[in-house]
Amino acid sequence: MGRFTKKPVEIEAIQYNGDNLADVLEFTGKHPTWSEHFKSFDDYAAHVASDGHKFKIITLEGTLDATPGDWIIRGVQGEHYPCKPDIFEKTYQASDAGVRLSDRGFDFGLALCAMKNGAAVARKGWNGKGMWIALTPGSAFEARHAKCGHAAAKRAVEVDDPHGEIELLPHIDMRAADGSMVVGWLANQTDMLAEDWHVVEVGGAV
């Protein structure tokens, strides 16, 4: 009896977004053998789209579905299997020898997860150079310690409690193209549905 640490194993993976079917087929090699059932790749792609964009993967446990957002992993013995994005993020980290996760586009859900883990993220589709967003954690401080002109401090004075505690809730801030900081950034429909999010290094190039 004793305590053991699992050996680190490097894996290869590709994220399926529903539109990169050809790339996923190339990565998995033979899953599925669509040419046996369809006259052309376009016919196969139309079939996958009509089935909720489910990509069938043959595994040792049978045929499993990969849905948009899932990662498809190639195991140490060449096998393939799907992995949900939240599990993938908790289980794996980018390898220096492979393609960085920040080089791949991902959806807004993964962007939120990245920000909650302390990263700054941006969209490749943004035109402004150097733009990024990040999560600012919540904090609490006394009104008298707030910087002059702070809206929360002014409010505390208005209610006759200048020494009262002010709580700032967690929020997302943006670094704009002109270098200014936008406090309280809100995502629009395009940002929330985009799949070109990536992790950036603050102070580096986006």
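Residues numbered from 1 in each chain as written. Predicted model: local features only at pLDDT ≥ 70, side-chain atom pairs only at ≥ 80, totals over all residues. Heavy atoms only, no water.

Caption draft 1: Here's a closer look at the overall build of the protein. The helix and strand tally for the protein stands at six helices and 12 strands. For the protein, buried positions account for 32% of its 206 residues. (Helix = DSSP H or I, 4+ residues; strand = E, 2+ residues; numbered from the N terminus. Buried < 20%, exposed > 50% of the residue type's maximum accessible area, 1.4 Å probe, protein only.)

Caption draft 2: Quick peek at the confidence of the model for the protein. With 74% of its residues at a pLDDT of 70 or more, the protein has an overall mean of 77. Scored below 50 in pLDDT, residues 96-103 makes 11 contacts in the model with residues more than four places away or belonging to other chains. (pLDDT = per-residue confidence, 0-100. Contact = heavy atoms within 4.5 Å.)

Caption draft 3: Quick peek at the side chain of Arg123. Mapped onto the elements of the fold, Arg123 is located in strand E6 (residues 120-123). For Arg123, a relative accessible area of 13% gives the class buried. Looking at Arg123, its side chain comes within polar contact range of the side chain of Asp196, at 2.7 Å. Not counting the four nearest positions on each side in its chain, Arg123 is found in contact with Thr190, Asp191, Ala194, Asp196, Trp197 and His198. (Polar contact = N/O pair within 3.5 Å; in protein donor to acceptor, adjacent residues only side chain to side chain.)

Caption draft 4: Examining the environment of Leu169 more closely. Residue placement: Leu169 occurs in the loop between strand E9 (165-168) and strand E10 (171-175). A residue is classified by how much of its surface remains accessible, and Leu169, at 58% relative accessible area, is exposed. Counting along the chain gives 32 residues from Leu169 to Pro137, while the straight-line C-alpha distance between them is 7.1 Å.

Caption draft 5: Molecular detail of the sheet that holds strand E4 (residues 71-74). With respect to topology, three strands assemble into an open sheet ordered E1-E4-E5, the strand pairing being antiparallel. Every other strand in the sheet has two partners, leaving strand E1 (12-15) and strand E5 (80-83) as the edge strands with one partner each. On average, each strand axis in the sheet is tilted by 25° relative to the strand beside it, whichever way the strands run. Across four bridges, E1 lies against E4 in antiparallel orientation. Looking across to E4, one finds that Gln15 is bridged to Trp71. (Pairing = 2+ DSSP bridges. Axes fitted to C-alpha atoms, helices over the stretch in contact; angles between N-to-C directions.)

Caption draft 6: Structural view of the nonpolar core. Formed by 26 residues in total, the largest nonpolar core has its most connected members in Val121, Trp126, Ile133, Trp185 and Trp197. Put simply, the parts of the chain that give this core at least two residues each are E4, helix H4 (108-116), E6, strand E7 (132-136), E10 and strand E12 (197-200). The greatest single-element share of this core, amounting to five residues, is contributed by H4. (Core = buried A, V, L, I, M, F, W, Y, C linked by side-chain atoms within 4.5 Å.)

Caption draft 7: Fine view of the pairing of E6. Of the two faces of E6, both are covered, the one formed by Ala120 and Ala122 as well as the one formed by Val121 and Arg123. Pairing between E6 and E12: four bridges, direction antiparallel. Looking at the pairing, Val121 lines up with Val199 of E12.

Caption draft 8: Geometry of the environment of Leu110. With respect to the element layout, Leu110 can be found in helix H4. For the pair Leu110 and Glu195, spaced 85 residues apart in sequence, the C-alpha separation works out to 9.4 Å.

Caption draft 9: Here's a closer look at H4. For H4, the full list of buried residues reads Phe108, Leu110, Ala111, Ala114 and Met115. Down the axis of H4, the sector holding all buried residues measures 155°, keeping them to one side. Where H4 begins, the side chain of Asp107 points an oxygen toward the backbone nitrogen of Gly109, at a separation of 3.2 Å. One or two positions beyond H4, positive phi appears at Gly118, with a value near 95°. (Arc of directions from axis to C-beta.)

Caption draft 10: Representation of the pattern of salt bridges. Inspection of every chain in the model, using the stated rule, returns six salt bridges. Among the ionic contacts, a cluster of salt bridges with common partners joins Asp51, Lys56 and Asp65. (Salt bridge = Lys/Arg side-chain N within 4 Å of Asp/Glu carboxyl O.)

Caption draft 11: How the structure looks around unusual backbone geometry. In this structure, His53 is a non-glycine residue whose phi angle is positive, near 60°. Within the fold, His53 resides in the loop between helix H2 (41-50) and strand E2 (55-59).

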